[in-house]
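Residues per chain are reported as follows:
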Amino acid sequence: MLYLADDTYCFSGDSFYWSRTDDDVAVAESVTWYSISELAASLARTAPRVRFAWLLPGHGDRKQLPADEFAHRMHDLVGRTAELSPRPIDFTALRW
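Residues numbered from 1 in each chain as written. Predicted model: local features only at pLDDT ≥ 70, side-chain atom pairs only at ≥ 80, totals over all residues. Heavy atoms only, no water.

Student: A description of helix α2 (residues 67-82) should follow, citing residues and the corresponding values.
Tutor: An ideal rise of 1.5 Å per residue puts 22 Å on 16 residues; α2 measures up with 23 Å between its terminal C-alpha atoms. Those residues of α2 that are buried are in contact with β3 (17-19), β4 (24-26), α1 (36-46), β5 (54-57) and β6 (63-64). (Helix = DSSP H or I, 4+ residues; strand = E, 2+ residues; numbered from the N terminus. Expected span 1.5 Å × (residues − 1). Contact = heavy atoms within 4.5 Å.)

Below, the structure written as structure tokens:
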């Protein structure tokens, strides 16, 4: 679930976040509780319809970029997420 405010702010919850490691928008594959395939399908439906300049995730860094740049990065995220394979979550491997 995500919320858009004024076509400027995207509150992405746990759907996607700004990764310091990748310096890009990312999904948390290791803790996608329900289904990475469903998340990929949801992003494919949603990403082309949203525009924002601020990403405000539930976890991870917030980030401000021009809306066109975020649109491009979201398009790329859709493709990367679609390539991920479903796998069981190893809760013992997670460090909180």
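Student: With reference to specific residues and values, describe a nonpolar patch on the surface.
Tutor: Side chains of Met-1, Tyr-3, Tyr-9, Phe-11 and Trp-54 sit close together on the surface and give an oily, nonpolar patch of about 570 Å² of accessible area. On the secondary structure map, Trp-54 appears in strand β5. Exposure remark for Trp-54: the relative accessible area of 30% places this residue in the partly exposed category. (Patch = residues over 30% accessible without salt bridge, like charges linked within 9 Å, V, L, I, M, F, W, Y side chains within 5 Å. Areas by Shrake-Rupley, 256 points an atom, 1.4 Å probe, with all protein chains shown as cover. Salt bridge = Lys/Arg side-chain N within 4 Å of Asp/Glu carboxyl O. Buried < 20%, exposed > 50% of the residue type's maximum accessible area, 1.4 Å probe, protein only.)

Student: Give me the lowdown on α1, citing residues and values where you can.
Tutor: Of the positions making up α1, those classed as buried are Ile-36, Leu-39, Ala-40 and Leu-43. One side of α1 carries all its buried residues, which in axial view fall inside an arc of 100 degrees. Check the buried side of α1 and you find it contacts α2. At the N-terminal boundary of α1, the capping side chain belongs to Ser-35, with an oxygen 3.2 Å from the backbone nitrogen of Ser-37. (Arc of directions from axis to C-beta. Polar contact = N/O pair within 3.5 Å; in protein donor to acceptor, adjacent residues only side chain to side chain.)

Student: Before we move on, can you summarise the nonpolar core with the specific residues and values?
Tutor: Inside soluble globular proteins, nonpolar side chains tend to come together where they are buried. Counting residues in each nonpolar core, the largest one holds 17 residues, and the members touching the most others are Phe-16, Leu-43, Phe-52 and Met-74. At the level of secondary structure, the elements contributing two or more residues to this core comprise α1 and α2. Those residues in contact with Met-74 that sit more than four places away from it in its chain are Phe-16, Val-25, Leu-43, Ala-47 and Phe-52. (Core = buried A, V, L, I, M, F, W, Y, C linked by side-chain atoms within 4.5 Å.)

Student: Can you break down unusual backbone geometry residue by residue, with the values?
Tutor: You will see that Asp-6, though not glycine, has its phi angle at about 55 degrees, which is positive. Counting through the fold element by element, Asp-6 comes out in the loop between β1 (3-5) and β2 (9-13).

Student: Summarise the packing of α1 against α2; cite the residues concerned and give the values.
Tutor: α2 packs onto α1 with a crossing angle of 155 degrees between their chain directions and a minimal axis gap of 9 Å. What the angle tells us is that α1 and α2 run roughly antiparallel. Regarding α1 and α2, the two cross each other, and that crossing is left-handed. Facing α1, whose interface residues are Ile-36, Ala-40, Leu-43 and Ala-44, α2 presents Met-74, Leu-77, Val-78, Thr-81 and Ala-82. (Axes fitted to C-alpha atoms, helices over the stretch in contact; angles between N-to-C directions. Parallel < 35°, antiparallel > 145°, perpendicular 65-115°, else oblique. Left-handed = near helix turned anticlockwise from the far one by under 90°.)

Student: Talk me through the sheet that holds β1; I want residue IDs and the actual numbers.
Tutor: Strand order in the open sheet made by the four strands is β1-β2-β5-β6, with mixed pairing throughout. On the outer flanks of this sheet lie β1 and β6, each paired with one strand and no other. Strand direction decides the pairing type here: β5 and β6, joined by two bridges, are antiparallel. Directly across from Trp-54, in β6, lies its bridge partner Gln-64. (Pairing = 2+ DSSP bridges.)

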